[in-house]
Structures are given as structure tokens and as C-alpha cells.
Amino acid sequence: MIKKYFLIIFLGIILLASALRLWQIGSVPPSPDWDEASLGYNAYSILHTGKDEYGKFLPVVIRSLDDYKPAFYMYVTVPSVAVLGLNVAAVRLPSAIFGILSVIAVFYLVRELFKDYKYKDELSLLASFFMAISPWSIQFSRVAFESNVGTSLNIFAALFFLKGLKKPALLPFSAIFAALSIYTYQSEKVFTPLLALVLVLVFRKALGKLNKKYLIGGVVTGFIFMLPMLWFLFFNSSSLSRLTSTSVFSSQTQVLQNSVMDLQNDKNNNDKLGLILDNRRIEYAKEILSGYISHFDLNWLFIT
């Protein structure tokens, strides 16, 4: 049980999170970006016709600006557009709501992770408070970022997974949240399976003690919810258009040209170490590592 004064503080944190995410959401930040315009218009089109802007009936993925977005955010925008009309606040509202829900979910997730720890309530409050005031969480919650919704769904998936270790009937809910996340954002198609794999490996002993019907039920539930997206991925030629346009392998010609030039110089200079380091496999590995590390560039994050 959560003590009464902890509950009061928790409610205060939720109110703070709500204020930081909802205040003047239609005007701060100013002007919708093109993704928001696309999501809003497609939600409006679905609301009135059941079809997206290209005439596709209840699509799993929307073509949008030829980047083929997973359609979940568009669908959760339909109710707010129906109530508030087609405007910036209506398009951003679902992201704000999921941002607030993630603050609540983090509280219970940390409480579950540290359930045997004496100060689990204090830790849970701290975690939810830091989530509530986190600059990146606030920023992503105030714009129609599908990744924000995906993050929230992943937190809920992890939470219900941990709770399901004691109450196995909750495991299908974990599977549902995990499955829904792949309908929110492109990178979830990679991250969510990795998250599921890590959870299974870390808690394999606890899972092994559960009745197999619950495990099978969770897997089957997740598969059923993922089936429309899997069908699209395997049978639609445009399903990987986003990957092919952003992958390091999409610029093979330039990478290989640089590799060939470097290798030629290494041969001319009899540089044996260079012959090892400048081959195409190392070049691709360097490109991938460089792309990953760039996300933590302090200059990019805080200065320019």
C-alpha cells in the first residue's frame, strides 16, 4: 500500500507533469511541423471518411510525406480532432497525454523493480518527479512525436511484464503494449523486440516457473496484435522505404569509394595496418558507431 502522504505527493507530481505538458500546447512551440500537419489531416480524413489522404481504408501505415509512418498516432488523434476540431492543440494532445501517463507508469515500474527495497516509495516518487520535469520528456510531449507514445507504451509493457511474473494473467497486457508500440514509430520495430528479448533473458528463471498456458497466451496475444504490421512489412514493397533512406548502407557508393581510395593509398605506402582498418567492413562499422555516438554529442544536444 502507498501511504497517504506519498499519494498526495504523487498526485502533485502528476499535476506538475500535466501543467508542463498541457499549458498553451497549441501555441508553444509555435507552428506545427510538417509531420504534425500530416498526422492531423490524416486523422481528420479518417474521422470523416474512414480513409487516409490517399484513399486507403483504415491503413496500418500512412504514406504521409512518402515516409510511410506507422498509423497508431494518427488513430489516437482522431478523438481529439473530433472534440477540439482540426487544430494544433488537438494534434499534440495525444502526445501530452501519453507523456503524463509515462510519469505515472515510471512510478509503478520503479516500485516494482525495487519492491523488496525499504525506500521503494521514495525512489518511485523521485523517478516520477524526474520524469515529470525531464526536459526531453516535456519537449517530446508537447509536439506530436510518435516516439514519445512509443516510449510510453514500452514503459507499460515492461511494467506489466514484471507484474505478470507474480500475476501471469497480466502478461497478455504486456504483449499488447509491446505490440502496439511497433505501430507508433519506425525505430520501435527494432527496439521493442530487443526489449522483449532482454526481459525474457533476465527473468527467464521466473518465467520458467509460470504455467505454460500464460506464456503461450501472452505470445499468441502479441502475435495477433502484430499480425497486421507483419503482413504489411512482408508484403508491401514500400514497408522498408524509411530504412533504405536513412540506413548507413543507403550510401554504399560513397563509403565504398572512400574505402577503395584508402586501400590504394595503403598498398602504395605498404601500410599493413591501414589495409586492415580501411576495408569496407571496418568502414561500415565506423559509420554505424559514429552515427550512434553522434546522439550524445554535447555540442549538438546543448549548444547548436
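Our structure is the block above this text.
Report on the accompanying structure. (Residues numbered from 1 in each chain as written. Predicted model: local features only at pLDDT ≥ 70, side-chain atom pairs only at ≥ 80, totals over all residues. Heavy atoms only, no water.)

### Quick notes on the packing of aromatic side chains
This is how the line gets drawn: Pairs were defined over the aromatic rings of Phe, Tyr and Trp, the Trp ring being its six-membered one, requiring ring centres within 6.5 Å. Orientation was assigned from the angle between planes: stacked under 30 degrees, edge-to-face over 60, tilted for the rest. Numbered from the N terminus, helices here are DSSP runs of H or I no shorter than four residues, and strands are runs of E no shorter than two. Burial here depends on accessible area, computed with a 1.4 Å probe over protein chains only, as a share of the maximum for the residue type. Under 20% is buried, over 50% is exposed, and the range in between is partly exposed.
Enumeration over the complete set of coordinates arrives at 15 aromatic pairs. Ring plane angle 20° and centroid distance 4.0 Å describe the contact between Phe 10 and Phe 107, whose orientation is recorded as stacked. Here Phe 10 is found in helix α1 (residues 4-22), whereas its partner Phe 107 is found in helix α4 (residues 88-113), with 97 residues between them in sequence. Taken individually, Phe 10 and Phe 107 each receive the classification buried, so the pair is uniform in this respect.

### Quick look at the packing of helix α8 (residues 171-181) against helix α11 (residues 212-235)
Defined as follows: The angle between two axes is taken between their N-to-C directions and runs from 0 to 180 degrees, where each axis is a line fitted to C-alpha atoms and a helix contributes only its stretch in contact. Angular relationships are summarised with four words: roughly parallel below 35 degrees, roughly antiparallel beyond 145, roughly perpendicular across 65 to 115, and oblique for the angles in between. The hand of a helix crossing depends on one turn: near helix anticlockwise from the far one by less than a right angle means left-handed, and clockwise means right-handed. It only takes one pair of heavy atoms within 4.5 Å for two residues to be counted as in contact. We call Asp, Glu, Lys and Arg charged. Ala, Val, Leu, Ile, Met, Phe, Trp, Tyr, Cys and Pro are nonpolar, and the rest, Gly among them, are polar.
Following both chains from N to C, one finds α8 and α11 inclined at 25°, their axes separated by 8 Å at the closest point. The orientation of α8 relative to α11 falls into the category roughly parallel. Two packed elements cross with a definite hand, and for α8 against α11 that hand is right-handed. Each of Leu 171, Pro 172, Ala 175, Ile 176, Ala 179 and Leu 180 in α8 lies in contact with α11, whose residues at this interface are Tyr 214, Leu 215, Gly 218, Thr 221, Gly 222, Phe 225 and Met 226. When its residues are assigned to classes, the contact of α8 with α11 shows 10 nonpolar, three polar and no charged.

### Let's talk about the side chain of Ser 45
When you line up the elements, Ser 45 lands in helix α2 (residues 34-49). Under the relative-accessibility criterion, Ser 45 is labelled buried at 10%.

### A few points about a nonpolar patch on the surface
Formally: Put simply, a patch holds well-exposed residues, over 30% relative accessible area, that have no salt bridge, with like charges counted together within 9 Å and Val, Leu, Ile, Met, Phe, Trp or Tyr side chains within 5 Å. Accessibility throughout is a Shrake-Rupley quantity obtained with a 1.4 Å probe, and a residue counts as covered only by protein chains that appear here. Salt-bridge detection follows one rule: a side-chain nitrogen of Lys or Arg within 4 Å of a carboxyl oxygen of Asp or Glu.
Taken together, the side chains of Leu 16, Leu 20, Leu 126, Phe 129, Phe 130 and Ile 133 present a nonpolar region at the surface, about 480 Å² in accessible area. Of all the secondary structure elements, the ones that give two or more residues to the nonpolar patch are α1 and α5 (120-133). With four residues, the top contributor of residues to the nonpolar patch is α5. The class for Phe 129 is partly exposed, based on a relative accessible area of 31%.

### A word on the nonpolar core
Just so we agree on the cut-off: Residue types Ala, Val, Leu, Ile, Met, Phe, Trp, Tyr and Cys, when buried and joined through side-chain atoms within 4.5 Å, form a set referred to as a nonpolar core.
Ranked by internal contacts, the top residues of the largest apolar core, which has 29 residues, are Val 103, Val 106, Leu 109, Leu 125, Ile 155 and Phe 161. Looking at this core, the elements that each hand over two or more residues are α1, α4, α5, α7 (146-164) and α9 (188-202). Those residues in contact with Val 106, other than ones at most four positions away along the chain, are Ala 127, Ser 128, Met 131 and Ile 155.

### A short note on α4
The test is simple: Multiply 1.5 Å by the residue count of a helix minus one, and that product is the helix's expected span. Bend is the name given here to the angle between axes fitted to two runs of seven residues, the run ending at a residue and the run starting at it. Definition of a polar contact: a pair of N or O atoms within 3.5 Å, with one able to donate and the other able to accept a hydrogen when the atoms are protein atoms, and with sequence-neighbouring residues admitted only if both atoms are side-chain atoms.
The end-to-end C-alpha distance of α4 is 38 Å, a good match for the 38 Å that 26 residues give at a rise of 1.5 Å each. Largest kink in α4: about 30°, centred on Pro 94. For α4, the N-terminal capping position is held by Asn 87, with its side-chain oxygen 3.2 Å away from the main-chain nitrogen of Ala 89.

### A short note on the environment of Met 226
For Met 226, the position within the fold is in helix α11. Met 226 sits 48 residues away from Ala 178 along the chain, and the two C-alpha atoms are 9.1 Å apart. Excluding residues within four positions of it along the chain, Met 226 makes contact with Ala 179, Ile 182 and Tyr 183.

### Some thoughts on the pattern of salt bridges
Scanning the entire structure with this criterion turns up seven salt bridges. The partner of Arg 63 in a salt bridge is Asp 66, with the nearest N and O atoms 2.6 Å apart. The exposure class assigned to Arg 63 is partly exposed, which follows from its relative accessible area of 33%. Asp 66 sits in the partly exposed class, given a relative accessible area of 45%. Linking Lys 163 and Glu 112 is a salt bridge whose minimum nitrogen-to-oxygen distance equals 3.2 Å. Taken together, the residues span a long stretch of sequence, with Lys 163 in helix α7 and Glu 112 in helix α4 at a distance of 51 residues.

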